[in-house]
Amino acid sequence: MLYAFLISLAVLALLSIVFEEVTHLNKAKTTLFFGCISWIVLFMAAGSPSHEKLVEERLNENLLEIATLWLFLMSTMTFVAYLNAKGMIQILVQKLFPQRVSVRMLMLQVALFSLVLSAICDNVTATLVSLGLLTTFKLDKQMRQRMAVLIIFAVNSGGVALITGDVTTLMIFLRGHVHMSELLLLFMPAAASVMLLAALLSIKAEGEVSTTPIKTKVRSVDIIIAALFFSTIVMTMLLNILFNIPPVLIFLTGLSIMFLIGHTTRSNNEELQILEYIRQVEYDTLLFFLGILLLVGMLKEIGTLDLLTQLYSQFDPNISNFAAGIGSALLDNVPLTAALLKAEPVLNTPQWLGLTYSVGVGGSLLVIGSAAGIIAMSKVKELTFVSYLKFVPALALCYSVGYGLTLLLSYHFYG
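The rules behind the values
Residues numbered from 1 in each chain as written. Predicted model: local features only at pLDDT ≥ 70, side-chain atom pairs only at ≥ 80, totals over all residues. Heavy atoms only, no water. Helix = DSSP H or I, 4+ residues; strand = E, 2+ residues; numbered from the N terminus. Rg over C-alpha atoms; globule rule 2.2 N^0.38 Å. Buried < 20%, exposed > 50% of the residue type's maximum accessible area, 1.4 Å probe, protein only. Areas by Shrake-Rupley, 256 points an atom, 1.4 Å probe, with all protein chains shown as cover. Lys, Arg positive; Asp, Glu negative; His and termini not counted. Charge placed at Lys NZ, Arg CZ, Asp CG, Glu CD. Axes fitted to C-alpha atoms, helices over the stretch in contact; angles between N-to-C directions. Parallel < 35°, antiparallel > 145°, perpendicular 65-115°, else oblique. Left-handed = near helix turned anticlockwise from the far one by under 90°. Contact = heavy atoms within 4.5 Å. Nonpolar A, V, L, I, M, F, W, Y, C, P; charged D, E, K, R; others polar. Phe/Tyr/Trp six-rings, centres within 6.5 Å; stacked < 30°, edge-to-face > 60°. Expected span 1.5 Å × (residues − 1). pLDDT = per-residue confidence, 0-100. Core = buried A, V, L, I, M, F, W, Y, C linked by side-chain atoms within 4.5 Å. Patch = residues over 30% accessible without salt bridge, like charges linked within 9 Å, V, L, I, M, F, W, Y side chains within 5 Å. Salt bridge = Lys/Arg side-chain N within 4 Å of Asp/Glu carboxyl O.

Enquirer: I keep staring at the overall build of the chain and nothing clicks. Help me out?
Expert: Looking only at helices and strands, one finds 22 helices and two strands in the chain. Since a compact globule built from 415 residues should have a radius of gyration of about 22 Å, the 21 Å found for the chain is in line with a globular shape. With respect to the principal axes defined by its C-alpha atoms, the chain has extents near 60 × 50 × 50 Å. With 415 residues in all, the chain has 53% of them scored as buried. Taken as a whole, the chain presents about 18700 Å² of accessible surface, with 67% of it coming from carbon and sulfur. Positive and negative charge centroids in the chain, built from 24 and 25 side chains respectively, lie 12 Å apart.

Enquirer: Quick question: what am I supposed to make of the packing of helix H6 (residues 103-120) against helix H8 (residues 141-158) here?
Expert: How two helices pack is summed up by the angle between their axes together with the distance between the axes. Two numbers describe how H6 lies on H8: the axes approach to 7 Å, and their chain directions differ by 30°. Between H6 and H8, the angle falls in the class roughly parallel. Here H6 runs over H8; the crossing is right-handed. Along its contact with H6, which presents Val-103, Leu-106, Met-107, Val-110, Ala-111, Ser-114, Leu-115, Ser-118 and Ala-119, the element H8 presents Met-143, Arg-146, Met-147, Leu-150, Ile-151, Ala-154, Val-155, Ser-157 and Gly-158. Here the residues of the contact of H6 with H8 are counted per class, giving 13 nonpolar, four polar and one charged.

Enquirer: Sorry, what's going on with the packing of aromatic side chains here?
Expert: Think of a pair of aromatic rings as described by two things: how far the centres are apart, and how the planes are tilted against each other in angle. Per the stated rule, a full pass over the model turns up nine aromatic pairs. Their ring planes at 70° and their centres at 5.3 Å tell us that Phe-33 and Phe-34 sit as a pair that is edge-to-face. For Phe-34, a relative accessible area of 14% translates into the label buried. Both rings, one in Phe-229 and one in Phe-251, keep their centres 6.3 Å apart while their planes meet at 70°; by these two values the pair is edge-to-face. One end of the pair, Phe-229, is in helix H12 (residues 220-243); the other, Phe-251, is in helix H13 (residues 247-265), with 22 residues separating them in the sequence. Neither residue differs from the other here; Phe-229 and Phe-251 are each classed as buried.

Enquirer: I would appreciate a short explanation of the environment of Thr-30 in the present structure.
Expert: Structurally, the position occupied by Thr-30 is in helix H3 (residues 27-44). For Thr-30, a relative accessible area of 10% gives the class buried. Through-space distance from the C-alpha of Thr-30 to that of Phe-259 is 34 Å; in sequence the pair is 229 residues apart. Beyond its immediate chain neighbours, meaning those up to four positions away, Thr-30 contacts Ser-16 and Leu-25.

Enquirer: Where do I start with H12 in this structure?
Expert: Working note: α-helix, 3.6 residues per turn, so residues spaced by three or four point in the same direction. Its 24 residues place the ends of H12 33 Å apart at the C-alpha level, agreeing with the 34 Å of an ideal helix rising 1.5 Å per residue. Remark: Asn-244 follows H12 within two positions and exhibits a positive phi of approximately 60°.

Enquirer: Help me understand the confidence of the model for the chain in this model?
Expert: Keep in mind that low pLDDT regions are not for reading the predicted coordinates in detail. Overall, the predicted model of the chain reaches an average pLDDT of 83, with 93% of residues at or above 70. Put simply, helix H14 (residues 268-276) is where the chain has its lowest mean pLDDT, 54, and helix H11 (residues 187-201) is where it has its highest, 94.

Enquirer: Honestly, the side chain of Ser-157 in this entry has me stumped. Any pointers?
Expert: Tracing the sequence through the fold places Ser-157 in helix H8. In contact with Ser-157, other than residues within four places in its own chain, are Leu-115, Ala-190, Ser-193, Val-194 and Val-361.

Enquirer: Looking at this structure, how should I read the environment of Phe-251?
Expert: Using a relative accessible area of 0% as the deciding quantity, one classes Phe-251 as buried. Setting aside residues up to four positions removed in sequence, Phe-251 forms contacts with Phe-72, Ser-75, Thr-76, Phe-79, Asp-122, Thr-125, Phe-229, Thr-232, Ile-233 and Thr-236.

Enquirer: Would you take a moment to explain the nonpolar core for this structure?
Expert: The nonpolar side chains of soluble globular proteins are, as a tendency, buried together. Grouped together as the largest cluster of nonpolar side chains are 129 residues, with contacts concentrated most on Leu-106, Met-298 and Leu-383. No other element matches the twelve residues that helix H4 (residues 49-85) contributes to this core. In contact with Leu-106, not counting residues within four places along its chain, are Phe-97, Val-101, Phe-137, Leu-139, Met-147 and Val-209.

Enquirer: Would you mind going over a nonpolar patch on the surface with me for this structure?
Expert: On the surface, Leu-2, Tyr-3, Ile-7, Val-11, Leu-12, Leu-15, Phe-19 and Val-22 cluster together to form a nonpolar patch covering roughly 690 Å² of accessible area. The greatest single-element share of the nonpolar patch, amounting to six residues, is contributed by helix H1 (residues 2-18). With respect to the helices and strands, Tyr-3 occurs in helix H1.

Enquirer: I'm lost on a negative patch on the surface in this one. Help?
Expert: Together, Glu-56, Glu-57, Glu-61 and Glu-65 line one region of the surface with negative charge. Counting through the fold element by element, Glu-65 comes out in helix H4. By relative accessible area, which is 52% here, Glu-65 ends up exposed.

Enquirer: So what exactly am I meant to see when it comes to the pattern of salt bridges here?
Expert: Where charged atoms of side chains with opposite charge meet at close range, the side chains can pair. Inspection of every chain in the model, using the stated rule, returns two salt bridges. The closest approach of N and O atoms between Glu-301 and Arg-58, which form a salt bridge, is 3.0 Å. In this pair, Glu-301 is assigned in helix H15 (residues 283-301) and Arg-58 in helix H4, connecting sequence segments 243 residues apart. Arg-58 sits in the partly exposed class, given a relative accessible area of 34%. One salt bridge connects Arg-144 with Glu-382, and the closest N-O pair in it is separated by 2.6 Å. In this pair, Arg-144 is assigned in helix H8 and Glu-382 in the loop between helix H20 (371-379) and helix H21 (385-389), connecting sequence segments 238 residues apart. Given the relative accessible area of 24%, Arg-144 is considered partly exposed. A relative accessible area of 13% places Glu-382 in the buried class.

This is the structure in structure tokens:
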């Protein structure tokens, strides 16, 4: 009875996201409400001091994960907010993209940009920078919506090929189930599926678009902070691989250096303006993450993820891996992957590569299924849970094609 009630709270949270446009209740606030209530119920139903202590420990673990993500998001979004306000992202667009380009060509270019960027840095940074590119083009609402969907899929796809791109890829790699050279194979099916989606979304896309001209003068300090942002991304990858230093610690260090630069190169008034960028971070995005992760943590606590693990072992691994990807669209892929790894399934190399691709890309099937989707939904007002659903057939087709190519290539080389 208790578990049914708690699962119903998660369902109500999902429905509050689906019907946000009808109820006019902010999804960040409703998910946060249901997430908090679910843990309060867990405490009230504990029944004994020892069980209350166990629930408290699990909540603290969950909050630690959330706090880490919050701080990482805050530092990354502050960098991007600063660079966007100073026109640095527009300058990057003008360097990489022509001033006038056809909509179809722009889709291919944005898809490739997001795909490659997400392979070398985290999904959050790749999403924020890629969405920042869209603001420099004069796109109509429908095209901006399509571009956002494409970015979500491309970012999630690019992240599976390297351990720097996706947490689930790193988790499977650290367990010794796949090697670096084997992971690189995933870039081919990932790229093919992204290009297929770009082609599908560009059907009936006519005309050309132009970039917004840059009128502001770029100062040397802005170039220094842009270089600092890039250096922070590179150091995050290197130090995480070499010394296993958490990415959040490196990004917070980069953020502190950014503020020190602001202090040493600007007047007091201008320094305050730099500090204002941290307040421009959209806290609705952070609150939404908090609510979603509290709910996922609750589902993990009551054993829902263990039930999924048991279902996984009932079928052929190739089918189960495909289904796990679909499951990651509803549940956070990190605890889902952790639960599957804990079950220690006996898989061969092609099957491990299939699982790596599916849990990395499957979250794209729903807008709430990945960090990229949640960020995009908060940044692109035209993108909602309901409006995203019309793209699910195309996304499912591209996910299936990518998964099929992954199995085909991996069985050919490692079968």
